[in-house]
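Listed here are the chains, written in short residue letters.
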Amino acid sequence: MTARKIVALAGGVGAARFLQGLAQIVNPRRIFVVGNTADDAEIQGLHISPDLDTVTYTLAGMANPKTGWGIKGDTFRCLECLKALGADAWFLLGDRDLATHIYRTRRLREGATLSEVTREIVSALKVECAIVPMSDDTVRTRIGTPRGELEFQTYFVKHRTRDRVTGIRFEGAATATPAPGVLDAIANAEGIILCPSNPFISIGPILAIPGIRETLSANHERVVAVSPIVGGRAIKGPTATMMQTLGMPVTAAEVAKLYSDFVGVFVLDEADRKYAPAVTALDMRPVVAKTVMHGMAQKKALARVVVRELGIRA
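So, a few notes on the structure that sits alongside this text. Every value quoted in this text rests on a predicted model; they were computed, and no experiment measured them. (Residues numbered from 1 in each chain as written. Predicted model: local features only at pLDDT ≥ 70, side-chain atom pairs only at ≥ 80, totals over all residues. Heavy atoms only, no water.)

## Examining the overall build of the chain
- On a plain count of helices and strands, the chain comes out with 13 helices and 14 strands.
- Taking 20 Å as the expected radius of gyration for a compact globule of 314 residues, we find that the chain reaches 19 Å, a close match to that expectation.
- Expressed along its principal axes, the backbone C-alpha trace of the chain runs to roughly 60 × 45 × 40 Å.
- Looking at the 314 residues of the chain, the share that counts as buried comes to 56%.
- With an accessible surface of roughly 13600 Å², the chain has 51% of that area assigned to carbon and sulfur atoms.
- Here the chain carries 38 positive and 31 negative side-chain charges, and the mean point of each set is 7 Å from the other. (Helix = DSSP H or I, 4+ residues; strand = E, 2+ residues; numbered from the N terminus. Rg over C-alpha atoms; globule rule 2.2 N^0.38 Å. Buried < 20%, exposed > 50% of the residue type's maximum accessible area, 1.4 Å probe, protein only. Areas by Shrake-Rupley, 256 points an atom, 1.4 Å probe, with all protein chains shown as cover. Lys, Arg positive; Asp, Glu negative; His and termini not counted. Charge placed at Lys NZ, Arg CZ, Asp CG, Glu CD.)

Take a look at the structure:
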C-alpha cells in the first residue's frame, strides 16, 4: 500500500493556482495530483499536454503570471518562423515551452508511457508534488457544435469557445484504465480535492475513466469540491458559457449536482451563500468561503479552508 496522500483532481489554470496555495501550507510531497489529459493534442507534430504542463509549470514557479499558462518570459520566434513558412500556427507554443513538448514526444515514441514521461519532467523541474495523468491511454474531448464535432483545442483555442456547445464526449474513455497508482491513491487518501476546474472538460474526463468515479463514491466522506462558479460567472475558462448553451442554470448549486454522488463537502464562494440550502438538499455539507484567488494570500487561505474541512493537519 502506498503512503496516504492528499489527492487532487485537476484541470489547468484554476487548479494550478489552488495547488500553488496548497503546496505552501502542507508538505508538497503529500500531494498527489491527477491531471486531465483529454485536452492533449498533436500540434506541429508534437504531443502537447496543456493541463499537465500548466500545473507543473505553476508548481515549478515558471508559469506566466499574466496568462496562467506557458512559461514566463518566453518568446515565440519558432512560431513566427513557422507562420512565415505558411504553417497554420494558431496554437501558441513558446520557444522554451517547445523543449517540454519535444522531450515528451521523443520519449513517447521511444515507448515510455505518459506517466513515466510526466514523472521525468516533474522531477527535472524540481516539483515536489506527484503529478500523474488520469490515464496512459489516449482519451480525447470532442465538442459537439452546430457546425459538427470539434477536436477540443480547435474549439477552445482556434475558435476561442465561440461555438455553441450541444454535447461533449470523451473518445476512448470507456476502454481506458486509470494510470498506475491513481485508484490506490484515491482509495487510501487522507483527503480528496476536486480543484476549482471546469466540471465538464477538466474534471469530467477524469471521472469518465472507469473505476475513478466509483472509487471516489466509496470514499465520499473524504471528498471536497471547490466551485468554479462565483456569482453566476466562471473565474477562468468557458464553464459558464458551456452551462448556458447546455441549458443549465449558471450557479454553484448546479455544479454541485454534477458531483452529488461522490462529494461530501462542497465549497461555495461568499457570493453564492444563498445556494447553501440547495447544496444541503443534495446530501452535501456546504462550506462558504472566499474562493477567488488574486494572489498567494488568497490561494493559501482557500487551501486552508479545504484542508480544515478534510480534517488534515497542515
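## Side note on the sheet that holds strand β1 (residues 6-10)
- Across the sheet, which stays open at both edges, the seven strands sit in the order β5-β2-β1-β9-β10-β13-β14 with parallel pairing between neighbours. Each end of this open sheet is capped by a strand with a single partner; those strands are β5 (130-133) and β14 (285-289). Across the sheet, the mean angle from the axis of one strand to that of its neighbour is 20°, orientation sign disregarded. (Pairing = 2+ DSSP bridges. Axes fitted to C-alpha atoms, helices over the stretch in contact; angles between N-to-C directions.)

## Some points on the sheet that holds strand β7 (residues 148-151)
- In spatial order, the strands read β7-β6-β8; together these three strands make up an open sheet with antiparallel pairing. Since the sheet does not close on itself, it has two edges, and those belong to β7 and β8 (167-171), each with one partner. Averaged over neighbouring strand pairs, the angle between their axes works out to 30° when direction is ignored.
- Where strand β6 (residues 140-145) meets β7, four bridges bridge the pair, whose relative direction is antiparallel. Across the sheet, G144 pairs through a bridge with E149, a residue of β7.

## Quick word on the nonpolar core
- Judged by nonpolar contacts, the single largest core of 50 residues is most densely connected at V7, L9, V34, L194, L216, Y259 and F266.
- Apart from residues no more than four positions distant in its own chain, F266 is found in contact with A225, S227, A252, V255, A256, Y259, V279, M284, R285, P286 and V287.
- In terms of nonpolar packing, the next biggest core, distinct from the first, is built from 37 residues, I6, A15, I193 and V224 among them. (Core = buried A, V, L, I, M, F, W, Y, C linked by side-chain atoms within 4.5 Å. Contact = heavy atoms within 4.5 Å.)

## Overview of the pairing of strand β10 (residues 223-226)
- Burial along β10 is two-sided: V223 and A225 and V224 and V226, pointing in opposite directions, are all buried.
- Bridge count between strand β9 (residues 191-194) and β10: three bridges; the pairing is parallel. Its bridge partner lying in β10, I193 is registered against V224.
- Here β10 runs beside strand β13 (residues 265-269); their pairing, made up of three bridges, is parallel. Considered in β13, the bridge of A225 is made with F266.

## Brief notes about the environment of D39
- Inspection of the secondary structure assignment puts D39 in the loop between β2 (31-35) and β3 (41-43).
- The spatial distance from the C-alpha of D39 to the C-alpha of I201 is 7.9 Å, given a sequence separation of 162 residues.
- Those residues in contact with D39 that sit more than four places away from it in its chain are P50, D51, T141, F152, Q153 and I201.

## A few points about the side chain of T291
- Among the secondary structure elements, T291 is positioned in the loop between β14 and α13 (296-310).
- Residue T291 is classed as buried on the basis of its relative accessible area, which comes to 6%.

## Notes on the environment of A89
- Secondary-structure assignment places A89 in the loop between α3 (77-84) and α4 (95-109).
- A residue is classified by how much of its surface remains accessible, and A89, at 6% relative accessible area, is buried.
- Spatially, the C-alpha atom of A89 lies 9.7 Å from that of K158, the residues being 69 residues apart in sequence.
- If we skip the residues at most four places from it in the chain, A89 touches Q44, L79, L82 and K83.

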